[in-house]
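Listed below are the residues making up each chain.
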Amino acid sequence: MSQTATVAHASLDRFRRTIVTSDLHGDLAGFRALLQKSGFSSKDALVIVGDLLEKGPQSLGLLRAVMELAQGGNVFVLAGNNDLLLSEWGRGEASDEDVWRYLRTRDTSVLMDMAQALERRWDTLEDIQALKAAVWAAFQPELRFLDALPHILDTEQCTFVHAGLGPGPLTEQDYEFCLTAKAFGRQTHRFEKPVIVGHWPCSNYYQPIVSVAPYWDRDTNVLSIDGGNQLNRWGRINYLVLDGAEPECHG
């Protein structure tokens, strides 16, 4: 039986602007550059459309930076498929063996960052089993933050989701589709409000032309913003600025 996505609601009209980004992938330096370039302040809202973690060099540092900003009440973070490892491990949906095999395929991971902070190893299954107890003892605020991330954010202007939505009510969406839908910018259903997604790199929509600019299908009202950060040499962090007019796209 499929699991239903969790939906959060927010009123963004009270903010000067809404800045939207996605797929930061452990890039703390890139995130700080985005905040500076966009002029983000406490008068603005920031929406991060999933995939804070993995692939980049500073997943734990980025997570903590976002958590600190979120204390101001103007930062809204959604779950992405790369943000699930620790929550699934904690719930028993991923076994110790699954996590051990996963880490053997990665160069970087938030769990590696945590292990290094604790001066722990992850080479063997026994290491992983000991690491789990240590992580759950030392990183409760980070684990709670990740566990609480919704899959969908619905607002007056737009609906935000990491990868995609099916037709029908938001309360009946399948969470796996919300997190893993591929090439959603080319699906055929038209949404009443703009749906802003990440997950699928925008460069895939522009082939054979190399471009990482946001891809807006006005026929379906889907705006894809994943700039492919940490995926290839031309990848970048894209962001949108929503201020009541048509979205401004930046990278």
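For the structure, see preceding data.
Residues numbered from 1 in each chain as written. Predicted model: local features only at pLDDT ≥ 70, side-chain atom pairs only at ≥ 80, totals over all residues. Heavy atoms only, no water.

(A) Local environment of the sheet that holds strand S1 (residues 7-9). Spatial strand order, S1-S5-S6-S7-S9-S8: six strands in an open sheet with mixed pairing. Looking at which strands have only one partner, the edges of the open sheet turn out to be S1 and strand S8 (215-217). In this sheet, neighbouring strand axes are inclined to one another by 20 degrees on average, regardless of whether the strands run parallel or antiparallel. The pairing of strand S7 (residues 195-197) with strand S9 (residues 222-224) spans three bridges and is parallel. Bridge pairing in S9 links valine 195 to valine 222. (Pairing = 2+ DSSP bridges. Helix = DSSP H or I, 4+ residues; strand = E, 2+ residues; numbered from the N terminus. Axes fitted to C-alpha atoms, helices over the stretch in contact; angles between N-to-C directions.)

(B) Spotlight on the pattern of salt bridges. Enumeration over the complete set of coordinates arrives at seven salt bridges. Note that arginine 17 and aspartate 44 form a salt bridge whose closest N and O atoms lie 2.9 Å from each other. Taken as a pair, arginine 17 in the loop between S1 and strand S2 (18-21) and aspartate 44 in the loop between helix H1 (28-38) and strand S3 (45-48) lie far apart in primary sequence, 27 residues in all. Neither residue differs from the other here; arginine 17 and aspartate 44 are each classed as buried. For aspartate 154, the salt bridge identified is with lysine 193, shortest N-O distance 2.8 Å. Of this pair, aspartate 154 sits in strand S5 (residues 152-154) while lysine 193 sits in the loop between helix H8 (175-180) and S7, and the two are 39 residues apart along the sequence. Here aspartate 154 falls in the buried class, since its relative accessible area comes to 15%. For lysine 193, a relative accessible area of 25% translates into the label partly exposed. (Salt bridge = Lys/Arg side-chain N within 4 Å of Asp/Glu carboxyl O. Buried < 20%, exposed > 50% of the residue type's maximum accessible area, 1.4 Å probe, protein only.)

(C) Region of interest: the side chain of glutamine 173. You can see glutamine 173 is positioned in the loop between strand S6 (159-161) and H8. Judged by relative accessible area, which is 5%, glutamine 173 ranks as buried. Side-chain polar atoms of glutamine 173 contact the backbone nitrogen of glycine 166, separated by 2.7 Å. Residues in contact with glutamine 173, not counting those within four places in the same chain, are Gln3, Thr4, Ala5, Ile152, Leu165, Gly166, Pro167, Gly168 and Cys178. (Polar contact = N/O pair within 3.5 Å; in protein donor to acceptor, adjacent residues only side chain to side chain. Contact = heavy atoms within 4.5 Å.)

(D) Seen up close, unusual backbone geometry. Of note, the phi angle at glutamate 54 is positive, near 75 degrees, even though the residue is not glycine. Note that glutamate 54 resides in the loop between S3 and helix H2 (59-70). Not every positive phi belongs to a glycine, and alanine 183 is a case in point at roughly 50 degrees. By secondary structure assignment, the location of alanine 183 is in the loop between H8 and S7. Judged by its relative accessible area of 25%, alanine 183 is partly exposed.

(E) A look at the sheet that holds S2. Overall, mixed pairing links the five strands, which are arranged S4-S3-S2-S10-S11 in an open sheet. The open sheet has two edge strands with one neighbour each: strand S4 (75-77) and strand S11 (248-250). On average, each strand axis in the sheet is inclined to that of its neighbour by 20 degrees, with strand direction left out of account. Examined bridge by bridge, S2 and strand S10 (residues 239-242) share four bridges and lie antiparallel to one another. For valine 20, the partnering residue across the bridge sits in S10 and is leucine 240.

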